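Each chain is listed here by its residues.
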Amino acid sequence: MSDQNRLGVFKTYKLYVGGKFPRSESGRVYEVTDSKGQWLANAPQSSRKDARDAVVAARKAFGGWSGATAYNRGQVLYRVAEMLEGRKEQFVREVAAAEGLSKSKAAAVVDAAVDRWVWYAGWTDKIGQISGGANPVAGPFFNLSTPEPTGVVAILAPQKSSFLGLVSVIAPVIATGNTAVVIASADAPLPALSLGEVLATSDVPGGVVNILSGATAELATPLAAHQDVNAIDLTGAGAELAKELEIAAADNLKRVLRPQPAEADGSDASTDWLAAPGTHRLTAFLETKTVWHPTGALGAAGSSY
């Protein structure tokens, strides 16, 4: 049968929650268009119930993921990069349509996103070297500080950088042993929803990353106030929404990562996501545990150790 005589198979985009692909419990969808206003697909419009379900899934996954060795988490993140490399064509098409880029520029963005996963995969077993260590104390004690993951992190993904920016905020959160509930770009959610398919077929345990699409404010408000969410990344929030969410987050002393000045209007249009990411997003959602341990009696001959 020639291509002219067959009907195209339209892709059905779904949420990614707990390692599964549910539709929104509300049954709502909304139209997603490209940069020229042409229809691309219907995306699920998540509800508050979906957000709560995602938190439950993230909390359930936290123990196993945070308890995994840093080396193992690095292997898992690298596997995500491998899977993305194999589906590069699909993501180039989706990023080009979502962000109005040429095919060559979209390919550069996707390549950078793959490299970003590799970058953070390499940091999983090294971040402890720069954010922890032995502390000098005046006494017969070992005093050791070690980083530990904060817990469940709600992430408001960048609004304009639908894929590279998205990867740049998700990867450091899970690299350090946290689990994530991600609100995708409201206008360009398709690359994020497709990323869920990659995560599901890689070695990332279900619930470690949960991806929701829909109205950012509608989903972020209950997450900011949720008592079982430990931290929130406000990158994709405008200035007014960010202020409201930060106030709500104070109720249970959530860690809050504020938008950078370039991101303050929620557009992130001037944020250079291609720049070297540094380690600030790795350390943003880490707690420091300090342990004291006696070294034994110190006499003329020194420590009994």
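None of the values given here were measured: they were computed from a predicted structure.

Caption draft 1: Region of the structure containing the sheet that holds strand β8 (residues 231-233). Within the open sheet, the five strands sit side by side as β7-β6-β5-β8-β9. Their pairing is parallel. The outermost strands of the open sheet, each flanked by one partner alone, are β7 (209-212) and β9 (255-257). The sheet shows a mean angle of 15° between the axes of neighbouring strands, direction not considered. Pairing of strand β5 (residues 152-156) with β8 involves three bridges; the strand directions are parallel. Paired with Ile-155 across the strands is Asp-233, a residue of β8. Against the sheet, helix α6 (residues 164-175) touches β5, β6 (179-183), β7 and β8, its axis set at about 160° to β6.

Caption draft 2: Main features of the sheet that holds strand β10 (residues 286-294). Strand order in the open sheet formed by three strands is β3-β4-β10, with antiparallel pairing between adjacent strands. Every interior strand has two partners, whereas the edge strands, β3 (133-134) and β10, have only one. The pairing of β3 with strand β4 (residues 141-149) spans two bridges and is classified as antiparallel. Paired with Gly-133 across the bridge in β4 is Ser-145.

Caption draft 3: Here's a closer look at the pattern of salt bridges. One pass over the full model with this rule turns up 13 salt bridges. As a salt-bridge pair, Glu-197 and Arg-87 come within 2.8 Å of each other at their nearest N and O atoms. Of this pair, Glu-197 sits in helix α7 (residues 190-200) while Arg-87 is found in the loop between α2 (70-86) and α3 (88-99), placing the two residues 110 residues apart along the sequence. When its relative accessible area of 24% is taken as the criterion, Arg-87 is described as partly exposed. Salt bridges sharing common partners tie together Lys-11, Arg-87 and Glu-197.

Caption draft 4: A look at the nonpolar core. Core analysis: the largest hydrophobic core is formed by 62 residues, its most contacted members being Leu-84, Trp-117, Phe-163, Ile-170, Val-182, Leu-195 and Leu-199. Those residues in contact with Val-182 that lie beyond four places of it in its chain are Ile-155, Ala-157, Leu-166, Ile-170, Val-209, Asn-210, Ile-211 and Leu-212.

Caption draft 5: Region of the structure containing the environment of His-226. Within the secondary structure layout, His-226 lies in the loop between α8 (216-225) and β8. Through-space distance from the C-alpha of His-226 to that of Ala-249 is 8.1 Å; in sequence the pair is 23 residues apart. Separated by 3.0 Å, the side chain of His-226 and the backbone nitrogen of Asp-228 make a polar contact.

Caption draft 6: Layout of the packing of α2 against α7. Taken N-terminus to C-terminus, the directions of α2 and α7 make an angle of 120°; their axes are 9 Å apart at the nearest point. One way to sum up the angle between α2 and α7 is to call them oblique. Crossing of α2 against α7: the hand is right-handed. Each of Val-80, Met-83 and Leu-84 in α2 lies in contact with α7, whose residues at this interface are Leu-195, Val-198 and Leu-199. Among the residues forming the contact of α2 with α7, the class breakdown is six nonpolar, no polar and no charged.

Caption draft 7: Expanded view of the packing of aromatic side chains. Counted according to the given criterion, the structure contains five aromatic pairs. Relative to Trp-123, the ring of Trp-119 lies with its centre 6.3 Å away and its plane at 55°, an arrangement referred to as tilted. With Trp-119 and Trp-123 both in helix α4 (residues 103-123) and four residues apart, the pair spans about one turn of that helix. On the accessibility criterion, Trp-119 (33% relative accessible area) is partly exposed. Consider the rings of Phe-141 and Trp-292, whose centres lie 5.7 Å apart with planes at 80°: the pair is edge-to-face. On the criterion of sequence distance, the pair formed by Phe-141 in strand β4 and Trp-292 in strand β10 is long-range, its members being 151 residues apart. By relative accessible area, Phe-141 is classed as partly exposed at 38%.

Caption draft 8: Highlighting α4. Look at α4: 31 Å from first C-alpha to last across 21 residues, which is about the 30 Å you get at 1.5 Å a residue. Three or more residues of α4 are buried, namely Ala-106, Val-109, Val-110, Ala-112, Ala-113, Val-114, Arg-116, Trp-117, Tyr-120, Ala-121 and Trp-123. On its buried side, α4 packs onto α2, α3, α5 (127-131), α6, α7 and α10 (280-283).

Caption draft 9: Geometry of the pairing of β5. Most of β5 sits out of view: five of its five residues are buried. Side chains of β5 alternate between two faces, with Val-152, Ala-154 and Leu-156 and Val-153 and Ile-155 buried alike. Where β5 and β6 come together, five bridges link them in parallel fashion. By the bridge assignment, Leu-156 is partnered in β6 with Ile-183. Following the chain from β5 across α6 to the adjacent parallel β6, one finds a crossover that is right-handed.

Definitions and cut-offs
Residues numbered from 1 in each chain as written. Predicted model: local features only at pLDDT ≥ 70, side-chain atom pairs only at ≥ 80, totals over all residues. Heavy atoms only, no water. Pairing = 2+ DSSP bridges. Helix = DSSP H or I, 4+ residues; strand = E, 2+ residues; numbered from the N terminus. Axes fitted to C-alpha atoms, helices over the stretch in contact; angles between N-to-C directions. Contact = heavy atoms within 4.5 Å. Salt bridge = Lys/Arg side-chain N within 4 Å of Asp/Glu carboxyl O. Buried < 20%, exposed > 50% of the residue type's maximum accessible area, 1.4 Å probe, protein only. Core = buried A, V, L, I, M, F, W, Y, C linked by side-chain atoms within 4.5 Å. Polar contact = N/O pair within 3.5 Å; in protein donor to acceptor, adjacent residues only side chain to side chain. Parallel < 35°, antiparallel > 145°, perpendicular 65-115°, else oblique. Left-handed = near helix turned anticlockwise from the far one by under 90°. Nonpolar A, V, L, I, M, F, W, Y, C, P; charged D, E, K, R; others polar. Phe/Tyr/Trp six-rings, centres within 6.5 Å; stacked < 30°, edge-to-face > 60°. Expected span 1.5 Å × (residues − 1). Right-handed = clockwise from strand over helix to strand, strands pointing away.

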